Number of protein chains: 2
Amino acid sequence: MAPSPLAPIAFPELPPIAGVRLAVGQCGIKYQNRTDLMVAELAHGTTVAGVFTRSLTASAPVEWCREALPGGRARALVVNSGNANAFTGYQGQTTVAVTVDAIAELLQCAPNQVFVASTGVIGQPMPPDLITQQLPDVLAVLSETSWSEAARAIMTTDTFPKAVTRQAIIRGTTVTINGFCKGSGMIAPDMATMLGFIFTDAAIEAPVLQKLLSEATERTFNCITVDGDTSTSDSVLMFATGTVANKRVAKASSKRLEDFRRALDDVMLSLAHQIVRDGEGATKFVTISVAGAESRKAAKRIAFTVANSPLVKTAIAGEDANWGRIVAAIGRAGEKADRDRLQIFIGGVQVTTDGAALPDYDETPVAAHMKGQEIDIRIELGLGKGEATVWTCDLTHGYIDINGSYRS
Amino acid sequence: MAPSPLAPIAFPELPPIAGVRLAVGQCGIKYQNRTDLMVAELAHGTTVAGVFTRSLTASAPVEWCREALPGGRARALVVNSGNANAFTGYQGQTTVAVTVDAIAELLQCAPNQVFVASTGVIGQPMPPDLITQQLPDVLAVLSETSWSEAARAIMTTDTFPKAVTRQAIIRGTTVTINGFCKGSGMIAPDMATMLGFIFTDAAIEAPVLQKLLSEATERTFNCITVDGDTSTSDSVLMFATGTVANKRVAKASSKRLEDFRRALDDVMLSLAHQIVRDGEGATKFVTISVAGAESRKAAKRIAFTVANSPLVKTAIAGEDANWGRIVAAIGRAGEKADRDRLQIFIGGVQVTTDGAALPDYDETPVAAHMKGQEIDIRIELGLGKGEATVWTCDLTHGYIDINGSYRS
């Protein structure tokens, strides 16, 4: 599969994070001739935070992580691609338990310090020994530099590996945040979008880390959609090794974490955007911002209704500035809207006013904008102060190709 | 455009309805070399009922019909295709007013006895004289038999005209119901699906007719979806000429209207199914029934979440019995579901139990079912007594072809 036309030019250079060592392996779960297992070993004392799908049919790995998370500590992360271990019943739980126990014994840690994630096909039993028999070999090759390999091992229909790094200063000490993720279909809000893993050498207590992660998720991963479909499996886990001895900060909302919050937002937004850029079949990266809504929640709902409209998405694929479909999506979003106050801008050009197209509307610059790869739609409702921005991609033949034949 | 592979073999034979005369014309609003105007002249005393889009950006014709409906009487219906006259501001209202006044004068009736509907592109001004200058010629050729011509004149991306006829007995008197409609994209519940027109020679007071129509809509048109997109324009209008002198029935819920209700449901369900069968790019007609939900509303919401899932729809297009995607859709529907009680049946074959595939699940008969044109998905939640059935089609390259280039 050729990389998405929206892919970044190159994989970024990720520095080591002291206390994080990575390795990958080949289990043959579904894919042949590629890696499908990723293990991260984490230093003693590493704190952990997580956000998970809100799906009521969550996978066995998600259920395990939810159980383990209150412990607040992590020594290992084990991720496989090719099988989501979701809707696999009792056997799915057994597979998780066997995997967790195996690595806990190898690393001599408590089982609730082992976090797991799986991505791939739903509903197919996953035999546990495929992973466990690879674990000793994989642990033997742990390295501080295997970021690119790790990002590749967790890919499914992704066409490029996704990662980012940023630095931040906490009370005078410089810390680093690395993140990588996978995801390109079944992408929708409600934290059900993908697998994402974030590592920092900062020293941050688990409850503070959790708050930072949850809040950043709302502004980043929960603002993207490819197809409105939410998965059973997906998870974002964040690990703080504390190997850089910054002075502790007790509150997530503290001014002293302002720069860290900014850097974390940056990391997560970059990962979220990379997922949209790898949206199945995507040829356009679309930013939809809504202002003037009754509330932030209303703005987000309207933005997502536009972002998930198959008619809007296919019009963008066809490079057609069909703003009538945007109007229709706004009208059915279920939030307050006034047809006659509504203003729509495409590529910065105002298109509508007073419940109709601008009297002297000239489509030329808008049509030129639609031919680009970055599409910008701005909606002003003129009702209140609610604002939101979401990101999506277009809906193309590529999406049908990929999803009309994924499983077989 | 070739007819949908799911189209009926032939257009049905519709008998005349005394008091209804139809004619079509060619205004050149958007289409060349085809009809795009349909006028129905209705006998004095005809009662009317209507249901309309819930979109907050409703079209000018919808706003007019809402205003005229409380009068309860109709003498004319004027419908055009090619331009929806939606989001056309003040000029859109003028176009409606000019059209209504012209026909009211020609037929010597009150303006609020004239009903209008428009379908096609959104946001393009529609000059009123294109229609009004055709009206005298069109009224000159009114006929009791032009059902097929009428159904054709209102088509947009439809690949076949849609109509149906049924008979019913009211207090010993046989009455007839004819209906026709258009619609194949921007199809979603909330009565925002299409244009539908239903005519009967029965004598039924307007408030009773309204109740019958509203209730039947919930069970029929509001149970279909093609793409989850709801239009600004769409309307179902029902006219009862009273030319058959059945004894009156004062209550819509009366036992004496039982047979009429059955026939009306039949008519509207047939029309609704025909719309799904003409879903843009459709190759499969899909029935999704949900039982055992907490309530009827919950069942409908779950059924629609499955029906609108792009991943489910593309899997069906690919003839892949990918029930994992059905599980995922159920899990994110926002209604109560218990993974381990859930049972999924495809083509009548049970696929899942106890949160996993059946231990001895044999995909052979299910795979054979997926190759057919009629796909049947049944979901048992095991929680309560809520039931609902919705209908949809698959999502194919054809949908992208049609909608990636519709306007231009």
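Computed from a predicted structure; not experimentally measured.

Trainee: How do you make sense of the overall build of chain A when you look at a structure like this?
Mentor: Tallying secondary structure elements over chain A gives twelve helices and 16 strands in all. For 408 residues, the compact-globule estimate of 2.2 N^0.38 gives 22 Å, and chain A sits close to it at 22 Å. Reported as C-alpha extents along the three principal axes, the dimensions of chain A are approximately 70 × 50 × 35 Å. Taking the contacts inside chain A whose residues are at least 6 apart along the sequence as the reference set, 81% of them involve residues at least 24 apart.

Trainee: Looking at this structure, how should I read the packing of helix α6 (residues 206–219) of chain B against helix α7 (residues 258–277) of chain B?
Mentor: For any two helices packed against each other, one specifies the crossing angle of their axes together with the interaxial distance. Residues and elements named next belong to chain B. Relative orientation of the contacting elements α6 and α7 amounts to 50 degrees, with a least axis distance of 9 Å. Comparing the axis directions of α6 and α7 gives the class oblique. The way α6 lies across α7 gives a crossing that is right-handed. Between α6 and α7, the contacting residues are Leu212, Ala216, Thr217 and Arg219 on the first element and Arg261, Leu264, Asp265 and Met268 on the second. Across the contact of α6 with α7, the residue classes tally to four nonpolar, one polar and three charged.

Trainee: Would you mind going over the sheet that holds strand β6 (residues 162–170) of chain A with me for this structure?
Mentor: Paired through their backbone hydrogen bonds, the strands of a sheet run either parallel or antiparallel. Residues and elements named next belong to chain A. Strand order in the open sheet formed by five strands is β3-β9-β8-β7-β6, with mixed pairing between adjacent strands. Both edges of this open sheet fall to β3 (47–52) and β6, since each of them pairs with a single strand only. Adjacent strand axes in the sheet meet at a mean angle of 15 degrees when their direction is disregarded. As paired elements, strand β8 (residues 195–200) and strand β9 (residues 235–240) share six bridges and run parallel to each other. Across the sheet, residue Gly196 finds its bridge partner in β9, namely Val236. The sheet contacts of helix α1 (residues 60–68) involve β3 and β9, and relative to β3 the element is tilted by about 135 degrees. Sitting on the sheet, helix α7 (residues 258–277) touches β6, β7 (173–182) and β8, and the angle it makes with β6 is about 170 degrees.

Trainee: Any chance you could explain the domain arrangement of chain A here in plain terms?
Mentor: Often, the extent of an interface is quoted as the loss of accessible area on bringing the components together. Residue and element names in this part refer to chain A. Here the domain parsing of chain A yields domain 1 (20–277) and domain 2 (285–403). Using C-alpha coordinates to define each centre, domain 1 is positioned 33 Å away from domain 2. Domain 1 puts twelve residues into the contact, and the matching count from domain 2 is eleven residues. Among the residues making up the side of domain 1 that touches domain 2, the classes are represented as six nonpolar, five polar and one charged.

Trainee: In this structure, what is going on with the pairing of strand β9 (residues 235–240) of chain B? I would like to understand it.
Mentor: A regular strand places its side chains on the two faces of the sheet in alternate fashion. All names here are of chain B. Buried residues dominate β9, accounting for six of its six residues. Pairing analysis gives six bridges linking strand β3 (residues 47–52) to β9, with the strands arranged antiparallel. What sits directly across from Val48, in β9, is Phe239.

Trainee: Is there a simple way to explain the sheet that holds strand β7 (residues 173–182) of chain B in this structure?
Mentor: Residue and element names in this part refer to chain B. Pairing within the open sheet is mixed, and its five strands lie in the order β3-β9-β8-β7-β6. Each of the sheet's edge strands pairs with one partner strand only, and the pair in question is β3 and β6 (162–170). Strand-to-strand twist across the sheet, computed as the mean angle between neighbouring axes with direction ignored, equals 15 degrees. Of the strand pairs in this sheet, β6 and β7 are connected by nine bridges, and their pairing is antiparallel. Bridged to Ile169 within β7 is Thr174. Sitting on the sheet, α6 touches β3 and β9, and the angle it makes with β3 is about 30 degrees.

Trainee: Got a minute to help me understand the environment of B:Cys223 in this structure?
Mentor: Relative to the helices and strands, B:Cys223 resides in the loop between α6 and β9. Each C-alpha atom, one on B:Cys223 and one on B:Lys300, is 8.1 Å from the other, the two residues being 77 residues apart in sequence.

Trainee: Is there a simple way to think about helix α9 (residues 310–317) of chain B in this case?
Mentor: An α-helical turn contains 3.6 residues, so a residue and the one three or four places further along point in the same direction. The element α9(B) is largely enclosed, with a buried count of eight among its eight residues. For α9(B), every residue scored as buried is listed here: B:Pro310, B:Leu311, B:Val312, B:Lys313, B:Thr314, B:Ala315, B:Ile316 and B:Ala317. Buried residues along α9(B) sit in contact with α12 (397–403) of chain A together with β10 (285–293), α8 (296–308), α10 (323–331) and β15 (374–380) of chain B. Two residues or fewer past α9(B), B:Glu319 is found with a positive phi of approximately 55 degrees.

Trainee: Would you explain the confidence of the model for chain A in this entry?
Mentor: All names here are of chain A. Of the residues in chain A, 95% reach a pLDDT of 70 or more, and the chain-wide mean stands at 90. In this model, residues 187–193 is a region of pLDDT below 50 whose contacts with residues beyond four sequence positions or in other chains number 39 contacts. Across the predicted assembly, pTM comes out at 0.83 and ipTM at 0.76.

Trainee: Is there a simple way to think about unusual backbone geometry in this case?
Mentor: The phi torsion of most residues other than glycine is negative, and most of the peptide bonds are trans. Residue and element names in this part refer to chain A. One non-glycine residue with positive phi stands out, namely Phe87, at about 55 degrees. Summarising the element assignment, Phe87 is placed in the loop between β4 (76–83) and α2 (89–107). Unusually for a residue other than glycine, Arg171 sits at a positive phi of about 45 degrees. Note on placement: Arg171 falls in the loop between β6 and β7. Residue classification places Arg171 among the partly exposed positions, given that 13 C-beta atoms sit within 10 Å.

Trainee: Just to check I follow, could you spell out α1(A) for this structure?
Mentor: Buried within α1(A) we find A:Ala60, A:Pro61, A:Val62, A:Trp64, A:Cys65 and A:Ala68. Buried residues belonging to α1(A) abut β3, α2, β5 (114–121) and β9 of chain A.

Trainee: What should I look at first to understand the environment of B:Thr88 in this one?
Mentor: Counting through the fold element by element, B:Thr88 comes out in the loop between β4 (76–83) and α2 (89–107). C-beta crowding within 10 Å serves as the criterion here: with 25 such atoms nearby, B:Thr88 is assigned to the buried category. If we skip the residues at most four places from it in the chain, B:Thr88 touches A:Ala356, B:Ala60, B:Gly123, B:Pro125 and B:Met126.

Trainee: Looking at this model, I keep getting lost on the pairing of β4(A). Mind explaining?
Mentor: All names here are of chain A. Across the eight residues of β4, eight count as buried, placing the element largely inside the fold. Two elements, strand β2 (residues 37–42) and β4, share five bridges in a ladder whose sense is antiparallel. Bridging from a neighbouring strand, Leu37 pairs with Asn80 of β4. Two elements, β4 and β5, share eight bridges in a ladder whose sense is parallel. Bridge pairing in β5 links Val79 to Ala117. The parallel pair β4 and β5, bridged by α2, forms a crossover whose chirality is right-handed.

Cut-offs and rules
Counting starts from 1 at the beginning of each chain's written sequence and moves along it residue by residue. Whichever chain is written first becomes A and whichever ligand is written first becomes 1, with later ones labelled in order. With the structure being a predicted model, the display of local features is reserved for residues of pLDDT at least 70 and the display and counting of side-chain atom pairs for 80 or more, all residues being used for whole-chain, interface and lining totals. A run of H or I in DSSP counts as a helix once it spans at least four residues, and a run of E counts as a strand once it spans at least two, with each numbered from the N terminus. As a reference, a globule follows 2.2 Å times the number of residues to the power 0.38, and the radius of gyration itself is taken over C-alpha atoms. We call two residues in contact if the C-beta atoms placed from their backbones are at most 7 Å apart. Lines fitted to the C-alpha atoms define the axes, with helices restricted to the stretch that makes contact. Angles between their N-to-C directions range from 0 to 180 degrees. Note on angle classes: values under 35 degrees are labelled roughly parallel, values over 145 roughly antiparallel, values of 65 to 115 roughly perpendicular, and the remainder oblique. A crossing counts as left-handed when the near helix is turned anticlockwise from the far one by less than a right angle, and as right-handed when that turn is clockwise. Side-chain classes are defined by residue name, with Ala, Val, Leu, Ile, Met, Phe, Trp, Tyr, Cys and Pro counting as nonpolar, Asp, Glu, Lys and Arg as charged, and the others, Gly among them, as polar. Only strands that DSSP links by at least two bridges are regarded as paired with each other. The split into domains, and so the bounds of each, comes from an automatic or database assignment of domains. Partly exposed residues are those whose C-beta has more than 12 but fewer than 20 other C-beta atoms within 10 Å; 20 or more makes a residue buried and 12 or fewer makes it exposed, with C-beta atoms placed from the backbone. Values of pLDDT, ranging from 0 to 100, describe the predictor's confidence in every residue of the model. With its strands directed away from the observer, a crossover is right-handed exactly when the path from the first strand over the helix to the second travels clockwise.

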